[in-house]
Amino acid sequence: MELHLYPYELKFRHTFTISRKSKDKQPILVAELISNGISGLGETVDNSYYNMTVPALMDAINAHRSFIEQYQFTTPEQFWSDCYPLFAGNMFALCALDIAAWDLYGKQRGLPLYQLWGLDISKNPMTDYTIGIDTIENMVRKLKDFPWPIYKIKLGTKEDIAIITELRKHTNAIFRVDANCAWGVDETIRNAAALKGLGVEFIEQPMAAADTAGMKKVFEHSVLPLIADESCIEATDVIRCHGLFHGINIKLVKCGGITPALNMIEEARSLGMKVMTGSMNEDTVGASAVAHLLPLLDYVDMDGPLLLAEDTATGIRMENGRIFYADRPGTGALLKR
């Protein structure tokens, strides 16, 4: 195979703020695998919380360039399994290669991935749109500027309930909230009661991932469902989240791509847990990969292309929460050359 890496730095439409940081740009890395003239695309991202930078990701992949380019590709699952020992400490890098391998595989067979997997897309969940932390006035403005049926609201301030109270005055849309580890035990239980009355569907990662004792107490007393994010990174975390959360948010970049995500979905279902996939602010290359998992999900947050002012590719498109697939095999993503 041929391997090509393309780094980009994409601007956000608005400064993107969560409880622990703000940013105006999202560095990403697109990987391309080419076999017999057929190209597969994958994506990963820079993320300071996990100490991942695009230069470091490129170095990690280039360190194994010889192995990748000499590899005799058969299936994505086998490719992931053979690459895993090389990237065991870097699922972000492996994600880009795994998505590219699935895209390549689908194109070799002339089918979009959801058809390759025999999935029915007629009842796909709709994606939410994220409103980052800002002044209440600006959060209201962002909501009004982008009418959408489902919003994910970033929280983790001293005005969290006031924020949702004010936003609720301006829309009947479904609200989901994400505190990104910012709350404590009593705060989460108290906020859950207030947020339920404001029409919030669930709370994502209210507390620090390390606070399992606290999450157990919250799980026992919260009146809203709890979805794990920072607590559920790789496949081995799914069982650890059982009894602490009602569901998991799988992010392809964090777990290592589509291959482990499929396994995580199956395990979560076997445990009776809800399943969501989330965004790490990937553009259309990454979002197009997530789209093929939709029939397997309860919820999805794949709004990266909506939050970014720039995009490297064409592929899926989103209209009023609904996702429409490109009429192409694989993931359907195509780089803008």
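Residues numbered from 1 in each chain as written. Predicted model: local features only at pLDDT ≥ 70, side-chain atom pairs only at ≥ 80, totals over all residues. Heavy atoms only, no water.

Draft legend 1. Broad picture of the overall build of the protein chain. A count of helical and extended segments in the protein chain gives 14 helices and 15 strands. Over its C-alpha atoms the protein chain spans a radius of gyration of 19 Å, differing by no more than 12% from the 20 Å that the globule rule assigns to 337 residues. Taken along the three principal axes of its C-alpha coordinates, the protein chain extends 55 × 40 × 40 Å. Taking all 337 residues of the protein chain together, the buried fraction comes to 57%. Taking the contacts inside the protein chain whose residues are at least 6 apart along the sequence as the reference set, 65% of them involve residues at least 24 apart. (Helix = DSSP H or I, 4+ residues; strand = E, 2+ residues; numbered from the N terminus. Rg over C-alpha atoms; globule rule 2.2 N^0.38 Å. Buried < 20%, exposed > 50% of the residue type's maximum accessible area, 1.4 Å probe, protein only. Contact = heavy atoms within 4.5 Å.)

Draft legend 2. Region of interest: the pattern of salt bridges. In total, this model carries 19 salt bridges according to the counting rule given. Residue D178 pairs with K154 through a salt bridge whose shortest N-O separation is 2.8 Å. In this pair, D178 is assigned in strand β6 (residues 174-178) and K154 in strand β5 (residues 150-154), connecting sequence segments 24 residues apart. Note that E166 is salt-bridged to K169, the shortest N-O span being 3.2 Å. In this structure, a network of salt bridges that share partners links the residues K152, K154, D178, E204 and D301. (Salt bridge = Lys/Arg side-chain N within 4 Å of Asp/Glu carboxyl O.)

Draft legend 3. Seen up close, the sheet that holds strand β8 (residues 226-228). Strand order in this open sheet of eight strands is β4-β5-β6-β7-β8-β9-β10-β11, and the pairing throughout is parallel. Every other strand in the sheet has two partners, leaving β4 (129-131) and β11 (299-300) as the edge strands with one partner each. Where β8 and strand β9 (residues 247-250) come together, two bridges link them in parallel fashion. Following the sheet pairing, A228 is matched in β9 by I248. (Pairing = 2+ DSSP bridges.)

Draft legend 4. Representation of the side chain of E204 within the structure. By the secondary structure assignment, E204 is in strand β7 (residues 200-204). Discounting chain neighbours no more than four positions away, the residues touching E204 are K152, V177, D178, A179, N180, I227, D229, N249 and M276.

Draft legend 5. Broad picture of helix α4 (residues 91-109). Here α4 contains 19 residues, and its C-alpha end-to-end distance of 26 Å stays within 8% of the 27 Å for a straight helix at 1.5 Å per residue. Of all 19 residues in α4, 16 are buried, a share of seventy percent or more. Among the residues trailing α4, G110 stands out with phi positive, at a value near 70°. (Expected span 1.5 Å × (residues − 1).)

Draft legend 6. Quick peek at the packing of aromatic side chains. Tallied over the full model, the rule gives 16 aromatic pairs. Note on Y129 and W148: the rings are 6.4 Å apart at their centroids and 50° apart in plane angle, and the pair reads as tilted. With a gap of 19 residues between them, Y129 in strand β4 and W148 in the loop between α6 (136-145) and β5 connect regions that are remote in the sequence. Taking the relative accessible area as the measure of exposure, Y129 reaches 5% and is therefore buried. For W148, a relative accessible area of 9% translates into the label buried. (Phe/Tyr/Trp six-rings, centres within 6.5 Å; stacked < 30°, edge-to-face > 60°.)

Draft legend 7. Looking closely at helix α13 (residues 284-291). In terms of burial, α13 is largely enclosed, as eight of its eight residues are buried. Of the positions making up α13, those classed as buried are T284, V285, G286, A287, S288, A289, V290 and A291.

Draft legend 8. Local environment of the packing of α4 against helix α12 (residues 258-270). Between α4 and α12, the least distance of the axes is 8 Å, while the angle of their chain directions is 90°. When the interaxial angle is binned, α4 and α12 end up roughly perpendicular. The residues of α12 that touch α4, namely those facing D98, I99 and W102, are I258, T259 and L262. (Axes fitted to C-alpha atoms, helices over the stretch in contact; angles between N-to-C directions. Parallel < 35°, antiparallel > 145°, perpendicular 65-115°, else oblique.)

Draft legend 9. Structural context of the side chain of D178. A residue is classified by how much of its surface remains accessible, and D178, at 0% relative accessible area, is buried. A distance of 3.0 Å separates a polar atom in the side chain of D178 from the backbone nitrogen of N180. Here D178 is in contact with K152, I153, K154, L155, E204 and Q205, once residues within four sequence places are set aside. (Polar contact = N/O pair within 3.5 Å; in protein donor to acceptor, adjacent residues only side chain to side chain.)

Draft legend 10. Geometry of the sheet that holds strand β1 (residues 2-18). What the three strands build is an open sheet, ordered β1-β2-β3; its pairing is antiparallel. The strands lining the two open edges of the sheet, one partner per strand, are β1 and β3 (38-45). Going from strand to strand, the sheet's axes swing by 25° on average, the running direction of each strand aside. Relative to β3, strand β2 (residues 21-35) runs antiparallel, the two being bridged by eight bridges. Within the sheet, the bridge partner assigned to I34 lies in β3 and is S39.

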